[in-house]
Amino acid sequence: MGVVNVTPDSFSDGGRFLDPAAAVAHARKLREEGADIIDLGAESSRPGAAAVVSAEEELRRLLPVLRELRDLPLSVDTVKPEVMRVALAEGAAMINDINALRAPGALAVLAASDAAVCLMHMQGSPGIMQQDPRYDDVVAEVKAFLQERIAGARAAGIAAERLVVDPGFGFGKTLEHNLELLRCLGEFAALGVPILAGWSRKSSLGMITGKRADERLAASIAAALIAAQNGAAILRVHDVAATRDALLVLAAVREA
Ligand code: HH2
């Protein structure tokens, strides 16, 4: 899954693809590099992100890009039912919700479609989530949350085949929490739906390596590969070509 943020303020690529033509060109480049899914986001969820973008503003950023990319398998990264509804009507194949369809009305919007949906775990909300994240047992708690969200989605009429889950690396988690979740990612297979992992350029990698967001390619690939080895079916990344090469090596070893 290749990431295209149509935002002025994303931590990794903020401002680079706010211009619709630049976002469209970047999405096509990621697709050519081997992305199976393009994830379009129009609201930053970076830690400390203050201003909540209105649905109108999110759609104003999103729609010109989405309309130009209808021929690609598109995911839209949003927490707002109104944005989900319009994005699905415009042809998005997947909704990536860092809030796991907890907003009132979100489950109903997805139930009325046949799109895929990613349910992600987050403790708190982006503005405050990194202030003091706490868990007694991070793996058990994140897993229980995702289990509950899967049950909620299924009860609302969303078939299990349409669901993907994500432990939400960096969303209300310390470096230790993120590492524990990555190490134990295999345990999430028990949930019975594909696992998505997003480590690309994240601050935990900066804590480990001392590198800035634009210098975290090697660290991102290492984390992606560990996630894949531990069962992730979808990797959300900014650097598709390099990640794909790493995955080809893993695939070759598995086939050997
Ligand atoms: N991470 C980000 C955004 N959306 N969605 C899922 N399912 N999993 C993730 O790990 C995830 C996500 C944050 O990264 P990015 O899009 O690069 O930055 P920003 O939120 O600042 O736009």
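See the structure printed just above.
The notes below deal with the structure included here.

Calculation notes
- Residues numbered from 1 in each chain as written.
- Predicted model: local features only at pLDDT ≥ 70, side-chain atom pairs only at ≥ 80, totals over all residues.
- Heavy atoms only, no water.
- Axes fitted to C-alpha atoms, helices over the stretch in contact; angles between N-to-C directions.
- Helix = DSSP H or I, 4+ residues; strand = E, 2+ residues; numbered from the N terminus.
- Parallel < 35°, antiparallel > 145°, perpendicular 65-115°, else oblique.
- Contact = heavy atoms within 4.5 Å.
- Nonpolar A, V, L, I, M, F, W, Y, C, P; charged D, E, K, R; others polar.
- Buried < 20%, exposed > 50% of the residue type's maximum accessible area, 1.4 Å probe, protein only.
- 1 Å grid on protein atoms, 1.4 Å probe; cavity = no way out; pocket = protein on both sides within 12 Å on 5 of 7 lines; lining within 4 Å.
- Points joined across faces, edges and corners; volume = space filled by probe spheres on them.
- Near = heavy atom within 4 Å.
- Polar contact = N/O pair within 3.5 Å; in protein donor to acceptor, adjacent residues only side chain to side chain.
- Areas by Shrake-Rupley, 256 points an atom, 1.4 Å probe, with all protein chains shown as cover.
- Sits in = over half its atoms within 2 Å of the grid points.

Section: the packing of helix α5 (residues 138-155) against helix α6 (residues 175-183)
Argument step 1. At their nearest, the axes of α5 and α6 sit 9 Å apart, and the two run at 70° to each other. What the angle tells us is that α5 and α6 run roughly perpendicular. Contact residues: α5 offers Val138, Val139 and Val142, while α6 offers His177, Glu180 and Leu181.
Argument step 2. Its residues assigned to classes, the contact of α5 with α6 shows 4 nonpolar, 1 polar and 1 charged.

Looking at the environment of glutamate 187
Argument step 1. Among the structural elements, glutamate 187 can be located in the loop between α6 and β7 (196-197).
Argument step 2. The exposure class of glutamate 187 is partly exposed, given its relative accessible area of 41%.
Argument step 3. Each C-alpha atom, one on glutamate 187 and one on arginine 254, is 20 Å from the other, the two residues being 67 residues apart in sequence.
Argument step 4. Setting aside chain neighbours within four positions, we find glutamate 187 in contact with Val139 and Lys143.

Some words on the layout of surface pockets
Argument step 1. Considered as a void within the structure, the largest pocket measures approximately 460 Å³ in volume.
Argument step 2. Along its surface, the largest pocket is lined by 33 residues, and Phe11, Ser45, Arg46, Phe171 and Lys202 are the ones closest to its centre.
Argument step 3. Of all the secondary-structure elements, those providing two or more residues to the lining of the largest pocket are α6 and α7 (203-209).
Argument step 4. It is α7 that provides the largest number of residues to the lining of the largest pocket, a total of 3 residues.
Argument step 5. By volume, the second largest pocket is sized at about 380 Å³.
Argument step 6. Contributing to the lining of the second largest pocket are 19 residues, with Met1, Gly34, Asp36, Leu235 and Leu247 lying nearest its centre.
Argument step 7. Looking at the lining of the second largest pocket, the elements that each hand over two or more residues are β8 (234-235) and α9 (240-255).
Argument step 8. Sorting elements by how many residues they give to the lining of the second largest pocket places α9 first, with 8 residues.
Argument step 9. Residues that form the lining of the second largest pocket fall into these classes: 14 nonpolar, 2 polar and 3 charged.

Digging into the site of the ligand
Argument step 1. Contacts to the ligand come from 19 residues, most closely from Ser10, Ser44, Ser45, Asp166 and Lys202.
Argument step 2. Residue phenylalanine 11 places a main-chain N or O atom 3.1 Å away from an oxygen atom belonging to the ligand.
Argument step 3. Note that a nitrogen atom of the ligand is positioned 2.8 Å from one of the side-chain N or O atoms of aspartate 77.
Argument step 4. Relative to its free-state accessible area of 480 Å², the ligand is covered by the protein chains to the extent of 98%.
Argument step 5. Spatially, the ligand is embedded in the largest pocket.
Argument step 6. For the shell around the ligand, the class distribution of residues is 6 nonpolar, 8 polar and 5 charged.

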